[in-house]
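Below are the chains, spelled out letter by letter.
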Amino acid sequence: VSARITLLTDFGTRDGYVAAMKGVIVTLAPTAIIDDATHDIAPGEILTGAYVLARYFRLYPPGSIHVAVVDPGVGTDRRALAASIDDRLIVAPDNGLISEIVKDSRSTRLVEITHPDIVRPDRSSTFHGRDVFAPAAARLATGLQLDDLGPALDDPVLLQSPPVSIHADRTVGEVIAVDRFGNLITNIPGDLLSSEAKVSFRNGFVAPLRHTFAAVNPGELVAVIGSDGFLEIAVRDGSAAEYTKAWRGIPITVTR
Amino acid sequence: VSARITLLTDFGTRDGYVAAMKGVIVTLAPTAIIDDATHDIAPGEILTGAYVLARYFRLYPPGSIHVAVVDPGVGTDRRALAASIDDRLIVAPDNGLISEIVKDSRSTRLVEITHPDIVRPDRSSTFHGRDVFAPAAARLATGLQLDDLGPALDDPVLLQSPPVSIHADRTVGEVIAVDRFGNLITNIPGDLLSSEAKVSFRNGFVAPLRHTFAAVNPGELVAVIGSDGFLEIAVRDGSAAEYTKAWRGIPITVTR
Amino acid sequence: VSARITLLTDFGTRDGYVAAMKGVIVTLAPTAIIDDATHDIAPGEILTGAYVLARYFRLYPPGSIHVAVVDPGVGTDRRALAASIDDRLIVAPDNGLISEIVKDSRSTRLVEITHPDIVRPDRSSTFHGRDVFAPAAARLATGLQLDDLGPALDDPVLLQSPPVSIHADRTVGEVIAVDRFGNLITNIPGDLLSSEAKVSFRNGFVAPLRHTFAAVNPGELVAVIGSDGFLEIAVRDGSAAEYTKAWRGIPITVTR
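Residues numbered from 1 in each chain as written. Chains lettered and ligands numbered in written order. Predicted model: local features only at pLDDT ≥ 70, side-chain atom pairs only at ≥ 80, totals over all residues. Heavy atoms only, no water.

A. Region of interest: the relation of the copies chain B and chain C. In the superposition of chain B on chain C (RMSD 0.0 Å, axial shift 0.0 Å), the rotation amounts to 120°. These values place the two chain copies in the arrangement generated by a three-fold rotation axis. Every residue of chain B has its C-alpha some distance from the rotation axis, and the shortest such distance is that of B:Ile33, at 4.5 Å. Little of the interface of chain B is mirrored in chain C, where only 16% of its interface residues again form contacts. (Least-squares fit on C-alpha atoms with pLDDT ≥ 70 in both. Contact = heavy atoms within 4.5 Å.)

Take a look at the structure:
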C-alpha cells in the first residue's frame, strides 16, 4: 500500500503553492498518494484550521500522514513539529494547529523538526509548506521515523477553545464555526442536551432541538446534534448565518 | 489496478467534510484512488448536481465508482441508493441526483442501500456523505456486489428537465446552467440546429451560431454547439451571463 | 511507479469540466495518478497561468506529465503542443502558457500535437482540455513518445514578461501577480537587492526589506524576497493589495 498523505492549508490553489508542495512530496516519495483535505482555510485562521483538521484526522487509518500548514508566523522562530497522535502522523507549525487533535488523544508523541536535510539553511523564509513540511511528510512516507526528525518537544503551543458553562437551568457555549451551508457550529456537546432543549441566542432567535434539518419547514430555524456530536443551528434549505446574522463567538444558551 | 472513486458534493472543501469522507473511504479501501470531481455544487441544487454528474460519468471507465452527495433531505426517510449504470457504479441519495445519467442509459440496475454495516443505527442524521455513501462506495471498491447492499429499487426519484418545444419555424428551450465562464448552457440539442440558425432571447439579444467562440469579435455574443452537444451562448473573452443578465430558466428561441 | 499527471486549468471545478478530463485520462491510463495543481486561474488569463505553472513545474520529478489548459483561442487554428522541458512533459495550447517554464530551461523539445487518434475530426470546438490535452497526456503516460504526437514545433508563442530596468540609483519593475494572501509579487529578482533596500510605489507607500513577514508589526507593510526568489510586498497578517489598492501592472521602485 502506498503512503497516504493529506494536505490542509490556507493557500487556496490558484497561486500554485499547493502544487509546489505536491511536487516536493512526489519527488521524495514517488508512490505517495496525496489527498487534498482543504486549501480553503481562511488566511491565517489557526483555530479554524485546528477544528477542520480534527474533523477528519482520526477518520484516516493508522499510518496516514497529515500535513497542516496555516502559518502566519513563518520565518520567525516558531518551531516546526511532527507528531504521532493515536497512530496517525502529522507535520505542522507549532502554533496551535494541532490543539484539537491532541485534546482527546490516547497517545501523543511530539518532536521538533530539526533534521538538517529538512530544515536547510537555504530554505525560504516565507514558504515552509514547500521547504519544510512537504519534505518532512515525504521522508516519513519513505521510512524515516518520527524520532529521526528531531528531538522530543514537550511544550507544544495549544490554543484553548472557548469554555462551555453548565448551570442548573441552562448551558451556555458559543458559535465556534460557520460552515459552507451557513450552519452555526457550537462547542456544546450534544450529550449535555435533553430532547426538549430550546436553543436561544442573540436578538431573541430560538431554535427547537430536532433530530434532523428537515424536521422543520423550509426557511425555519432548527437545532440538531451535528455530525461531530456538537450542537449546531441551521435554517432548513437556507443559511442560519444569513438569517440570524450570527457569527463566530456569539453566545448560545440552551434551556430545557 | 486500484479502484477509482470520484466524489461530487455541495460541501465545499473548507469545513473538512469532504476530507472526512475520504478518510472513511481510505480506511475501508486502502488502495482506492479518489478523484475529486467537484465540491462546488451550489448548496442543495440537486438538478445542477445531476447535470454536472452527467458531464463526466460515462467518461470514466467501466468499473469506476462515483459518489454524489447533494442531500438536502438528509435525515428524513429519503432512501439511499446504489446503481450500476452502463457498467459504472454510483451511490447517491434517492432525490433525483441520478436523473441525467439514467436518462440515456443502455442498462441500469438500482438497489436501496440497507446493508446493516452501512446503514447503521448510530449514523448521524446530518452527514450521510461520511456515514452512508463513503462506506458504501468503499465496500463496492473492495468487492461487495451491488445486490449485497440491499434490495432492488424500481422507482427512483427522477427530476424532469425542462422541455424543448419544436415548431415549424422555431425551437424553444431554456438556459439550464450557467458555467464558470458565464456561458449559458441550454437544453436544445445541437443536432436540431441548421447552420444558419439565429438564437434569440430576452431583451432582444441575438447570437449567431458559429463553430467556435473565436468566430466573433471579443465582447460579442456567439452561439455554439457546446462540448456536450447542446446549444450554448457565450461572449468571446467575456461572460454572456453578465452581458445579458440571463440566468437559469430564461427561454431561448432558435429560428432559421 | 504509476505515471503522475498534474492539471492546471481556468475551468473551476463546479461545472464538471475537470472531472471530464480526469475521466478521459483514467480511461486511457488506468493507473495514472492525477494531482490537481489548480483550476482557479482567472478565466482566460494565460500569463497568470504561465507564472503559476512555473511555480511547481520543476518541483515535480523528471518524467512527470503536466497538463495546462487556459485556452481562450480554443477552436481557432491555434496549435496544440507537447514538450519535454528539463525532462518533464507538458501538453498545452500554443498560446504562451509555457512561456515561463521555457525561459530558463536547459533543454526543450517541442512538437505540435497532430496525431490522428488525438486530434480527431469529431473533437469539440470548445473543449480541447477533454478532447485533445487529456488524451495526449494519457498517451504519454502509457508509453507514447513525444515525437509520436506530431512534428517538431520551432516557433512556440512566447509571451514577454514586463521588463525590469536597472539604474545606478534604483531598480524599477512591476507587480506581476497578487496572490491569495494579497501579497504583491513583483518581477524584481531578489539577488538584485541590497539588504538596505527600500521599496516604494504608487501613492507614496514604502515598504522596508526584511527577512520575513513577521519582522514588522501586524498591519504594516513589509517587502521580502519571496519563495520563488523575487521581491514581494506584504502586509503582516493582512492584505497588501487591499491596503495599498495596488494591482497587477503597478510599477515598483527599489532604492538603497
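B. Representation of the confidence of the model for chain A. Averaged over all residues, the pLDDT of chain A equals 95, while 100% of them reach at least 70. Reported confidence for the predicted complex is 0.96 by ipTM and 0.96 by pTM. (pLDDT = per-residue confidence, 0-100.)

C. Representation of the interface of chain B and chain C in the model. Residue-level contacts link 31 residues of chain B with 35 residues of chain C. Around 2700 Å² of area is buried between chain B and chain C when both sides are counted, 55% of it from carbon and sulfur atoms. Linking chain B with chain C are one salt bridge, by the criterion used here. Notably, a salt bridge pairs B:Asp228 with C:Arg130, separated by 3.8 Å at the nearest N-O pair. Summed over the shared surface of chain B and chain C, the number is 17 residue pairs in polar contact (both at pLDDT 80 or more). (Buried area = accessible area lost by both parts, 1.4 Å probe. Salt bridge = Lys/Arg side-chain N within 4 Å of Asp/Glu carboxyl O. Polar contact = N/O pair within 3.5 Å; in protein donor to acceptor, adjacent residues only side chain to side chain.)

D. Fine view of the pairing of strand E12 (residues 221–225) of chain A. Residue and element names in this part refer to chain A. Of all five residues that make up E12, four are buried, and the element is covered over most of its length. Note: E12 against strand E13 (residues 230–235), five bridges, orientation antiparallel. Residue isoleucine 225 lies in a different strand from E13, and its bridge partner there is leucine 231. Connecting the antiparallel pair E12 and E13 is a turn made up of four residues, with glycine 229 showing a positive phi of about 95°. (Buried < 20%, exposed > 50% of the residue type's maximum accessible area, 1.4 Å probe, protein only. Helix = DSSP H or I, 4+ residues; strand = E, 2+ residues; numbered from the N terminus. Pairing = 2+ DSSP bridges.)

E. Representation of the packing of aromatic side chains within the structure. This model, assessed by the stated rule, comprises 21 aromatic pairs over all chains. Relative to C:Phe11, the ring of B:Phe181 has its centre 6.1 Å away and its plane inclined at 70°; by these criteria the two rings are edge-to-face. With one member in each of two chains, B:Phe181 in the loop between strand E8 (170–178) and strand E9 (184–189) and C:Phe11 in the loop between strand E1 (4–9) and helix H1 (17–28) form a pair that bridges those chains. Take C:Phe11: its relative accessible area is 8%, and that puts it in the buried class. The interplanar angle of 70° and the centroid separation of 5.4 Å between the aromatic rings of C:Tyr17 and C:Phe127 together place this pair among those described as edge-to-face. Residue C:Tyr17 is found in helix H1, and its partner C:Phe127 is found in the loop between strand E6 (108–112) and helix H4 (128–141); the two are separated by 110 residues along the sequence. Given a relative accessible area of 7%, C:Tyr17 falls into the buried group. Its relative accessible area of 4% is what places C:Phe127 among the buried residues. Of the aromatic side chains, those joined through ring pairs into one cluster are A:Phe11, A:Tyr17, A:Phe127 and C:Phe181. (Phe/Tyr/Trp six-rings, centres within 6.5 Å; stacked < 30°, edge-to-face > 60°.)

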